[in-house]
Amino acid sequence: MKKDCQKSHIETQLIHGAYEPEKTTGATALPLFLSTAFAYQSAEALEAVFAGREAGFVYSRINNPTLDRFERRMNALENGLAAISCASGMAAISATVLGLAGTGDEIVSANSIFGGTYSLFGHTLKRYGVKTNFVNTTDVDAYREAINDLTKLVFIETIGNPKLDVPDIAAIARITSEKGVVLVVDNTVTTPILLQPEALGANIVIHSTSKYINGHGNAIGGIIVDCGNFDWSNKRYAHLDTFYKRFRNFAFVAALRNQICRDIGLCFAPFNAFLMSIGIESLAVRLERHCANAAKVAEFLAGDSRVTATRYPGLTGHPDHEVAVRQFHGRYGGLLTLTLGTKERCFRFINGLKFAQNAANLGDAKTLVIHPASTFCRDLDEQERQAMGVTEDLVRFSIGLEHIGDIVNDIDDSLKQL
Ligand SMILES: *Cc1c(COP(=O)(O)O)cnc(C)c1O
């Protein structure tokens, strides 16, 4: 069966999707299996698992029962075929690229993406002969023009960070589908609560589960979901032929599990999956509050003359507001940015906040604030910064779950002392 728990609503799937109750003990929480290897009754039984004739766990670098259940839940939430967990969001992105592309191949990527991904595509992969063509995130035609015979994947994020621009996923998916190229969508900042990219034509969905999925800022993780809507016999991906012959529709996840993730050792820690299985149960409730609080902060700042500009996809003045309305069903996430004229004013503003923590993370229950130009974007050159919408006077917030009155007061008080 392709889709687990298809009949229930997503709020219910967060809590019940794809977990079988633990039969031997009746444990209601996700059991944590801290075992490196799994023993078998006979040499024949272990041989059968290695040969792929029987399903079974062998070694936790490859799979583990705790990871398996977390993967199944994430897969159900993204309406996928199968999912593979990874050590981090960056590990998930790296594994996906390594599974699709090799030396001489190319990536087409939105240009206003997460700094770590930008660095991976623009710098690290270049050393291994994989070239990335960055295009303006919201310029749909630019994707069409950039795709060529060497292109192995098109990569976009649902909301660029920190630029907060919103690509039209369905329009880009029409192009990738026409060209027979895999569309990879990083859904970290919107989560399946705001958007299931599969419904818009994404082929692979990626998450840094360190952010909203976990929700409490205490563990790093990532996941790759194959949406099951790409034909892996496509000649562009001839390197997957042997996997396709054996695993058909599951060719890509088999290549990831039995080759890329296994050989490179990108495995997710079972304890982190345990923490995230707790976090994920409240994802829908948390996202509702993250979005409501961020919308109120955006509204407050948008009318404030002490702030040069406020950017939030939920504001009607946002250039991609219409796309955001269409894609996110009236909710716009927890990220917003403001500009304050100078770097010095940004630093004074950040230093003057009482609750908001100055940290390089997002999607935590706590409100977080950061000055991108001096932190996670500092290694980028001027042209790259411009593409990513990072100016010296930009401040990014990840709005948390505190009472909205306290968040607004904190911001207001700090603006007063500028
Ligand atoms: C944080 C983040 C990543 C990287 O995830 P890690 O878990 O930190 O490795 C990738 N994409 C986006 C959009 C992110 O916010």
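Residues numbered from 1 in each chain as written. Predicted model: local features only at pLDDT ≥ 70, side-chain atom pairs only at ≥ 80, totals over all residues. Heavy atoms only, no water.

Novice: Describe the confidence of the model for the protein chain, and please don't skip the residues or the numbers.
Specialist: On average, residues of the protein chain score 95 in pLDDT, and 99% of them are at 70 or above. Note that residues 1-5 has pLDDT below 50 and, in this model, 16 contacts with residues that lie over four places away or in other chains. (pLDDT = per-residue confidence, 0-100. Contact = heavy atoms within 4.5 Å.)

Novice: Can you tell me about the sheet that holds strand β10 (residues 357-358), naming the residues and giving the values?
Specialist: The strand order across the open sheet formed by five strands is β8-β9-β12-β11-β10, and the pairing between neighbours is mixed. If you trace the sheet from one side to the other, it starts and ends with β8 (309-311) and β10, each paired once. Judged from the five bridges that link them, strand β9 (residues 335-339) and strand β12 (residues 394-398) form a sheet pairing that is antiparallel. In the sheet register, Thr337 faces β12, and the bridge partner there is Arg396. Sitting on the sheet, helix α12 (residues 283-302) is in contact with β8 and β9, with an inclination near 15 degrees to β9. Where helix α14 (residues 343-351) meets the sheet, its contacts fall on β9, β10, β11 (368-370) and β12, and the angle it forms with β12 comes to roughly 30 degrees. (Pairing = 2+ DSSP bridges. Helix = DSSP H or I, 4+ residues; strand = E, 2+ residues; numbered from the N terminus. Axes fitted to C-alpha atoms, helices over the stretch in contact; angles between N-to-C directions.)

Novice: So what about the packing of helix α4 (residues 89-100) against helix α10 (residues 251-264)? Which residues, and what values?
Specialist: Their axes nearest at 10 Å, the elements α4 and α10 cross at an angle of 115 degrees. Between α4 and α10, the interaxial angle falls into the category roughly perpendicular. Seen from above, α4 lies across α10 with right-handed handedness. Contact residues: Ala95, Thr96, Leu98, Gly99 and Leu100 in α4; Phe252, Leu256, Ile260, Cys261 and Ile264 in α10. Tallied by class, the residues present in the contact of α4 with α10 amount to eight nonpolar, two polar and no charged. (Parallel < 35°, antiparallel > 145°, perpendicular 65-115°, else oblique. Left-handed = near helix turned anticlockwise from the far one by under 90°. Nonpolar A, V, L, I, M, F, W, Y, C, P; charged D, E, K, R; others polar.)

Novice: Summarise the packing of α4 against helix α5 (residues 115-124); cite the residues concerned and give the values.
Specialist: Their axes nearest at 10 Å, the elements α4 and α5 cross at an angle of 30 degrees. Considering their axes alone, α4 and α5 lie roughly parallel with respect to each other. Considering how the two elements wind past one another, α4 and α5 form a crossing that is right-handed. On α5, the residues touching Met90, Ile93, Ser94 and Val97 of α4 are Gly116, Thr117, Leu120 and Phe121. Considering only residue class, the contact of α4 with α5 consists of five nonpolar, three polar and no charged.

Novice: Summarise a nonpolar patch on the surface; cite the residues concerned and give the values.
Specialist: A surface patch of nonpolar side chains, about 290 Å² in accessible area, is lined by Leu32, Leu34 and Phe271. As for its placement among the helices and strands, Phe271 is situated in helix α11 (residues 270-280). Of the residues examined, Phe271 reaches a relative accessible area of 42% and is grouped as partly exposed. (Patch = residues over 30% accessible without salt bridge, like charges linked within 9 Å, V, L, I, M, F, W, Y side chains within 5 Å. Areas by Shrake-Rupley, 256 points an atom, 1.4 Å probe, with all protein chains shown as cover. Salt bridge = Lys/Arg side-chain N within 4 Å of Asp/Glu carboxyl O. Buried < 20%, exposed > 50% of the residue type's maximum accessible area, 1.4 Å probe, protein only.)

Novice: Break down the site of the ligand for me, with residues and values.
Specialist: The immediate surroundings of the ligand are formed by 14 residues, with Gly89, Asp186, Ser208, Ser210 and Lys211 found nearest. Here a nitrogen atom of the ligand sits 2.7 Å away from a polar atom, N or O, in the side chain of Asp186. A distance of 2.8 Å is found between an oxygen atom of the ligand and a side-chain nitrogen or oxygen belonging to Lys211. Look at the ligand: alone it shows 380 Å² of surface, and the protein chains cover 92% of it. Among the elements that line the shell around the ligand, the one with the most residues is α4, at three residues. The class makeup of the residues in the shell around the ligand is five nonpolar, six polar and three charged. (Near = heavy atom within 4 Å. Polar contact = N/O pair within 3.5 Å; in protein donor to acceptor, adjacent residues only side chain to side chain.)

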